[in-house]
Amino acid sequence: MSQLSESTLKLLVAGLIGGSTIFISSFFITNSIKNFEKNKKTGEINFIENFIYSIYEKLSFNPKTGGASNSSSSDTKFPTPVIKSIGDDFNYLDAKPYPYRPFKNGEYKMTLSIRKQDPNDFIFVEDTYKHITDIRAKDIDEVTDECSACHPSAEPAVRETYDLVTSFLTARYPMHFEKITSDDGNEVDIFYNKIRNEKFPFKNDSIKDVKDILRILGRTIEEDLLILIKNPDNDQLDEYVLRAGVSIFPAGFNPLEKFNQPLTNIHKPLEIIGPFKHIQN
């Protein structure tokens, strides 16, 4: 078995004490874990194997990614969010757009726009809704293949997203979106968009073509939807790839050029020119 150098071991210990995540050879870690599980039956366990296995247990170490797992354990239960109606007196024409305030008082911290959010604020319906979705509907009808795409590996995720959106809108804004249930049970339930006066199946399984699902999503909410799927273990890269989405209002880029690209290609370093060029690296 490979040997972990004394300096690397000290670095690993120091990193754990300091609360940092240290990335070391996933090959070494994988073999240490396997040897521990094999040798513990005979009692022939060395210090290194025992040490690595203890880290693996405490941090839920993932040898495939070389880092600690985000999930604490496989049996962790995540409760389903309860979506509450926004209120009987709500009218989207009276709802002003939610103010965008990217900066907060105090020390600035890079967050990549990722933050905790109330599940009830998943999608906003505001006084801009009809105007914006009219534009989106026109664009997606005219250039569907230029603003939406889906890799076969992402179809289940797209279908799940469709059900998430229809169930959320009818629960959060029942005055504007309604689930119409068939009385005889022979017909599919209907998602009725009262603002746009449009009706679609409530569940994705009644829609055969995934492109139709993307078209409906694109015209039903103001937000663009981009779905990232992590590559399988046998693929070239071990990172998230843009596999599906509907992007009608891109910020200065062609969405199709980003399709099927990993995040490292999508977010390439920007060239810095002028007096700040010295900070390029």
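Once a new chain begins, its residue numbering starts again from 1 and follows that chain's sequence as written. Predicted model: local features are reported for residues with pLDDT of at least 70 only, side-chain atom pairs are reported and counted for 80 or more only, and whole-chain, interface and lining totals are derived from all residues. The basis for every side-chain value is the complete set of non-hydrogen atoms in the structure, without hydrogens or water.

(A) Broad picture of the pattern of salt bridges. Salt bridges are counted wherever a side-chain nitrogen of Lys or Arg sits within 4 Å of a carboxyl oxygen of Asp or Glu. Per the stated rule, a full pass over the model turns up 14 salt bridges. A salt bridge links R172 to D121, with the shortest nitrogen-to-oxygen separation between them at 3.9 Å. Taken as a pair, R172 in helix α6 (residues 155–172) and D121 in the loop between β2 (67–68) and α4 (129–142) lie far apart in primary sequence, 51 residues in all. Ionic pairing is found between R196 and E198, a salt bridge with its closest N-O pair at 3.2 Å. Under the scheme applied here, a residue whose accessible area is under 20% of the maximum for its type counts as buried, over 50% as exposed, and between as partly exposed, the area being computed with a 1.4 Å probe on protein chains only. Taking the relative accessible area as the measure of exposure, E198 reaches 13% and is therefore buried. Where salt bridges share partners, they join K130, D134, D141, R196, E198 and R219 into one cluster. Note on conventions: DSSP H or I runs of at least 4 residues are helices, E runs of at least 2 residues are strands, and numbering of each starts at the N terminus.

(B) Representation of the sheet that holds strand β5 (residues 190–193) in the model. Strand pairing requires that DSSP identify at least two bridges connecting the strands. Within the open sheet, the three strands sit side by side as β4-β5-β6. Their pairing is antiparallel. The open sheet has two free edges, formed respectively by β4 (177–180) and β6 (198–201), since each of these has just one partner strand. Within the sheet, the average angular offset between the axes of one strand and its neighbour, ignoring direction, is 25°. Where β5 meets β6, four bridges bridge the pair, whose relative direction is antiparallel. Paired with Y192 across the strands is K199, a residue of β6. Whether two residues are in contact is decided by their heavy atoms, any of which lying within 4.5 Å being enough. Under this scheme, a helix contributes an axis fitted over its contacting stretch, all axes are lines through C-alpha atoms, and angles between N-to-C directions fall in the 0 to 180 degree range. Contacts from α6 reach β4, β5 and β6 within the one sheet, and its direction differs from that of β4 by about 110°.

(C) Quick peek at the packing of aromatic side chains. Between 30 and 60 degrees the pair is tilted, below 30 it is stacked and above 60 it is edge-to-face, where a pair is any two Phe, Tyr or Trp rings, Trp via its six-membered ring, whose centres lie within 6.5 Å. Per the stated rule, a full pass over the model turns up seven aromatic pairs. Measuring from centroid to centroid gives 5.1 Å for Y98 and F124, while their planes differ by 15°, and the two rings are stacked. Taken together, the positions of Y98 in the loop between β2 and α4 and F124 in the loop between β2 and α4 put the pair 26 residues apart, joining distant regions of the chain. Taking the relative accessible area as the measure of exposure, F124 reaches 24% and is therefore partly exposed. Taken together, the ring pairs in this structure connect F90, F122, F168 and Y173 into an aromatic cluster. A cation sits over an aromatic face here: R136 above F249, 5.4 Å from the ring centre. The ring of Y192 carries K199 above its face, with NZ or CZ at 5.1 Å from the centroid. Any Lys NZ or Arg CZ that is within 6 Å of a ring centre and within 35 degrees of that ring's normal is treated as a charge sitting over the ring.

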